[in-house]
Amino acid sequence: EVRRAAVRAIAQAARAGAAPAVAELLPHSLQHVRRAAVAALVAMEGEAKDSHIVQIHLALLKDSSPQARCGAVESIAGLGAEGRLSPEEVAAVAGLRIDPHWAVRRAAAEALRQFGPEAVRRHAAEVDQLLLDSDWRVRRSAAAARAEEQAAAKREAGSG
């Protein structure tokens, strides 16, 4: 409980340079401490421009906690929507289409939608797989990504 409170305090401070201190808690053995650290990093949007922070979030995609993986995907999605991710980083998120937890697969589908139509086109096979997912929430998010991509393609075809 004390460690979780400390992580929250660091997140609230959100001072430059706090992210590395929070990142040290990411491999902690207690899941709730790792989740709090992820939440703190997500709250540090101003520091997220640092590629070091992106790499931390990418590493969290392999965390044993589905909540940590979801938090990392959601943070990465915001950066991808701003065009600050490399194609390899976008592909890492798309690779979560086979994650064992439905919420992570849904977060990956939502992230691809937020990355924009071009990302959905580049990762059409992954989106197709998400459209066939066993969970309806994942399928709904993948369908939204595909619908936005198709609408953008129609706009492009109409203007060109």
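Novice: Tell me about the environment of Gly83, and please be specific about residues and values.
Specialist: Tracing the backbone shows Gly83 in the loop between α5 (66-81) and α6 (87-94). Gly83 gets classed as exposed once you look at its relative accessible area, which sits at 60%. Linking Gly83 and Phe115, residues 32 residues apart in sequence, is a C-alpha distance of 7.5 Å.

Novice: Any chance you could break down the nonpolar core for me, citing the residues and the numbers?
Specialist: Grouped together as the largest cluster of nonpolar side chains are 41 residues, with contacts concentrated most on Leu26, Leu61, Val93 and Phe115. Take this core: its biggest share by element is eight residues, from helix α7 (residues 102-115).

Novice: Before we move on, can you summarise the side chain of Glu149 with the specific residues and values?
Specialist: With respect to the helices and strands, Glu149 occurs in helix α10 (residues 136-159). Of the residues examined, Glu149 reaches a relative accessible area of 12% and is grouped as buried. Apart from residues no more than four positions distant in its own chain, Glu149 is found in contact with Pro117, Val120 and Arg121.

Novice: Account for the environment of Val93, with residues named and values stated.
Specialist: Among the secondary structure elements, Val93 is positioned in helix α6. Overall, Val93 belongs to the buried group, its relative accessible area being 0%. Beyond its immediate sequence surroundings of up to four residues, Val93 is in contact with Leu61, Val73, Ile76, Ala108, Ala111 and Phe115.

Novice: Requested: an account of the pattern of salt bridges, with residues and values cited.
Specialist: Inspection of the entire model under this criterion finds eleven salt bridges. When the shortest N-O distance is used, the salt bridge between Arg121 and Glu118 registers 3.3 Å. On the criterion of helical spacing, the pair formed by Arg121 and Glu118 is a turn pair, its members being three residues apart in helix α8 (residues 117-122). Ionic pairing is found between Asp135 and Arg137, a salt bridge with its closest N-O pair at 2.8 Å. Among the ionic contacts, a cluster of salt bridges with common partners joins Glu118, Arg121, Arg122, Asp128, Arg146, Glu149 and Glu156.

Rules of the game
- Residues numbered from 1 in each chain as written.
- Predicted model: local features only at pLDDT ≥ 70, side-chain atom pairs only at ≥ 80, totals over all residues.
- Heavy atoms only, no water.
- Helix = DSSP H or I, 4+ residues; strand = E, 2+ residues; numbered from the N terminus.
- Buried < 20%, exposed > 50% of the residue type's maximum accessible area, 1.4 Å probe, protein only.
- Core = buried A, V, L, I, M, F, W, Y, C linked by side-chain atoms within 4.5 Å.
- Contact = heavy atoms within 4.5 Å.
- Salt bridge = Lys/Arg side-chain N within 4 Å of Asp/Glu carboxyl O.

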